[in-house]
Amino acid sequence: MTGAPPVSASVSDAVRLDYVLRLGDTSLILAQRLGEWVGHAPALEEDLGLGNLALDFLGQARLLLSLAGRIEGRDRSEDDLAFLRDGGEFRNFTLVEQPNGDFGQTIVRQFFIDAYQVALFGALSASRDADLAAIAAKALKEAQYHHRFSSHWLLRLGDGTEESHRRTQAAVDWLMRFTPELFEADDIDRQTCAAGISPDLAALSAAWHQDVARILKEATLSMPKAERGAPVGKRGDHSEYLGYVLAEMQFMQRAYPGASW
Amino acid sequence: MSATQWPLYEVFIRSKGGLDHKHVGSVHATDANMAIEHARDVYTRRMEGVSIWVVPSASIVASDPQEAGSLFEPARDKVYRHPTFYEIPEEVKNL
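From a predicted model like this one, the values you see are computed outputs, not experimental measurements.

Thresholds applied
- Position numbers for residues start from 1 in each chain and track the written sequence from start to end.
- The lettering of chains begins at A and the numbering of ligands begins at 1, in the order of writing.
- pLDDT decides what is reported in this predicted model: residues at 70 or higher carry local features, side-chain atom pairs at 80 or more are listed and counted, and totals for whole chains, interfaces and linings draw on all residues regardless.
- With hydrogens and water stripped out, all remaining heavy atoms of the structure feed into the side-chain values.
- Centre distance within 6.5 Å is the pairing criterion for rings of Phe, Tyr and Trp, where only the six-membered ring of Trp is used; planes under 30 degrees apart are then read as stacked, over 60 as edge-to-face, and the remainder as tilted.
- Going along the chain from the N terminus, every DSSP run of H or I of four or more residues is numbered as a helix, and every run of E of two or more is numbered as a strand.
- Accessible area is worked out with a 1.4 Å probe on protein chains only. A residue is then buried under 20% of its type maximum, exposed over 50%, and partly exposed in between.
- Salt bridge, as applied in this entry: a Lys or Arg side-chain nitrogen positioned within 4 Å of an Asp or Glu carboxyl oxygen.
- The contact criterion used throughout is that any non-hydrogen atoms of two residues lie within 4.5 Å.
- Fitted lines through C-alpha atoms give the axes, limited to the stretch in contact for helices. The angle between two N-to-C directions lies from 0 to 180 degrees.
- Between 65 and 115 degrees an angle is taken as roughly perpendicular, under 35 as roughly parallel, over 145 as roughly antiparallel, and anywhere else as oblique.
- Ten residues, namely Ala, Val, Leu, Ile, Met, Phe, Trp, Tyr, Cys and Pro, are considered nonpolar, four, namely Asp, Glu, Lys and Arg, are considered charged, and the remaining ones, Gly among them, are considered polar.
- The arc under discussion is defined with respect to the helix axis, by the directions toward the C-beta atoms.
- Whenever a nitrogen or oxygen atom comes within 3.5 Å of another N or O atom, the pair is scored as a polar contact, on the condition that within protein one atom can donate a hydrogen and the other can accept it, and that pairs from neighbouring residues in sequence are kept only if both atoms are in side chains.
- On a range of 0 to 100, pLDDT expresses the predictor's confidence in each residue.
- Two strands are counted as paired when DSSP detects at least two bridges linking them.
- Here a patch means residues that are over 30% exposed by relative accessible area and free of salt bridges, tied together within 9 Å if like-charged and within 5 Å if nonpolar (Val, Leu, Ile, Met, Phe, Trp, Tyr).
- Computed with the Shrake-Rupley method and a 1.4 Å probe, the accessible areas treat only the protein chains shown as cover for residues.

(A) Structural context of the packing of aromatic side chains. Residues and elements named next belong to chain A. Scanning all chains against the criterion turns up eight aromatic pairs over all chains. Ring plane angle 85° and centroid distance 6.0 Å describe the contact between Trp37 and Phe103, whose orientation is recorded as edge-to-face. With Trp37 in the loop between α1 (13-35) and α2 (44-72) and Phe103 in helix α5 (residues 103-124), this pair connects stretches of sequence that are 66 residues apart. Taking the relative accessible area as the measure of exposure, Phe103 reaches 12% and is therefore buried.

Have a look at this one:
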């Protein structure tokens, strides 16, 4: 992969599985959060817009969790992984399980993830893992549209009325603390990067910070310093909110196992 | 326009290359970018299009339905304006 260190090792299935779950769970939980807006968005057009976003992320989650199931080799389907795992087994970023809040908070969360995914999928489409490369190439086009959608909204809200500016800045200040997790490389990140599977997080971080700083500035919003200390979801350490998300998402399959229509 | 409603845009979609943009409906939006995004989200979810035009509804000048009589009825008895009075040679197919 361009910019990545030379391929030095292949990784175990367990490491590859963990990496794919991080991506898949992040898309899945964000899809569930965005779905909460359906029927509640400020305008019919935004209702459909957020619903479309949710479906894009759900599509990513399906591909990634199906791949995870194949890597794991225990005959678990995408549905088994989505609906029958408990909170501690989820590997999504803590950022995406944060509540929708007001529309501004949803947009800020969305923009942080979109900026991340555009950089991630761009790099990942050159991954040595052919399955991940194919999924990333497809998802990149979605992410680019999401980025357009959320950055335009950020400009309108940040550079809008006094109230929209105040609320959006508050969301930026609150949510920034969940972003260091995206770029802090741990063992899984280092091993998959060394094997040419995942991109170098330092490069990703530089691209993300440049992109976010540029849009925030244009939106007349200030970039706060990210505080440390938020739970690290990609290692299974979540905020209190994930449990509530899962309770709603998994209820049907837990109460009526195997139900389908 | 009321203070609580965003301005209205008319949406035109080209279903595939070479065809005309066709009017499909309208969306509310605060600016042209948002109108394109809304049109995309509302009207192209099932691969209906390859190109979108949006036009502020206020920019469209429409004929007055009250004047439909004077505008359109005079054409009614002028069938000779249809090119249907020509002899077509046998050899010409597919006309």
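Moving on from the model shown.
(B) Examining the pattern of salt bridges more closely. Residue and element names in this part refer to chain A. Applying the stated rule across the entire model yields 24 salt bridges over all chains. For Arg22, the salt bridge goes to Asp186, with nearest N and O atoms at 2.8 Å. Placement of the pair is Arg22 in helix α1 and Asp186 in the loop between α8 (180-183) and α9 (187-194), with a sequence separation of 164 residues. Note on Asp186: relative accessible area 9%, which makes it buried. A salt bridge links Glu163 to Arg167; the shortest N-O distance between them is 3.1 Å. Here Arg167 and Glu163 lie together in helix α7 (residues 162-175), a separation of four residues that amounts to about one turn. Connected through salt bridges with shared partners, the residues Asp18, Arg22, Arg91, Asp186, Asp189, Lys234 and Arg235 form a single ionic network.

(C) Expanded view of the side chain of His38 of chain B. In this fold, His38 of chain B is placed in helix α1 (residues 32-43). Among the residues examined, His38 of chain B registers a relative accessible area of 1% and is labelled buried. Those residues in contact with His38 of chain B that lie beyond four places of it in its chain are Glu45 and Glu46 of chain A together with Trp6, Val27, His28, Ala29 and Tyr43 of chain B.

(D) The arrangement of the packing of α1 of chain A against α9 of chain A in detail. All names here are of chain A. One can describe the packing of α1 onto α9 by two numbers: an axis separation of 10 Å at closest approach and a directional angle of 110°. In terms of their interaxial angle, α1 and α9 are classed as roughly perpendicular. The segment α1 lies against α9, with Val15, Asp18, Tyr19 and Arg22 engaging Ile188, Asp189, Gln191 and Thr192. Looking at the contact of α1 with α9 residue by residue, the classes come out as three nonpolar, two polar and three charged.

(E) Focus on α9 of chain A. All names here are of chain A. Every buried residue of α9 is accounted for by Ile188, Asp189, Thr192 and Cys193. Along α9, the residues classed as buried sweep out an arc of 125° about the axis, all on the same side. In the core, the buried residues of α9 are packed alongside α1 and α10 (201-218). Regarding α9, its N-cap is Asp186, as a side-chain oxygen of that residue lies 3.2 Å from the backbone nitrogen of Ile188 further along. At the exit of α9 stands Gly196, carrying a positive phi of roughly 75°.

(F) Expanded view of the confidence of the model for chain B. Residue-level pLDDT values for chain B average 91, and 96% of them are 70 or greater. Reported for the predicted complex are a pTM of 0.89 and an ipTM of 0.80.

(G) Region of the structure containing the sheet that holds strand β2 (residues 21-28) of chain B. Residue and element names in this part refer to chain B. An order of β2-β1-β3 is seen for the three strands of this open sheet, with the pairing classed as antiparallel. What marks the edges here is a single partner per strand, and that holds for β2 and β3 (51-56). Sheet twist, expressed as the mean angle between neighbouring strand axes with direction ignored, is 30°. Pairing of strand β1 (residues 8-14) with β3, which is carried by six bridges, proceeds in the antiparallel orientation. Residue pairing across strands places Phe12 opposite Trp53, the latter belonging to β3. Strand contacts of α1: β1, β2 and β3, with the helix running at about 110° to β2, the strand carrying the most contacts.

(H) Broad picture of a nonpolar patch on the surface. Residue and element names in this part refer to chain A. A surface patch of nonpolar side chains, amounting to about 340 Å² of accessible area, comprises Phe251, Met252 and Tyr256. Structurally, Met252 is set in helix α11 (residues 241-255). Looking at Met252, the relative accessible area reads 42%, which means it is partly exposed.

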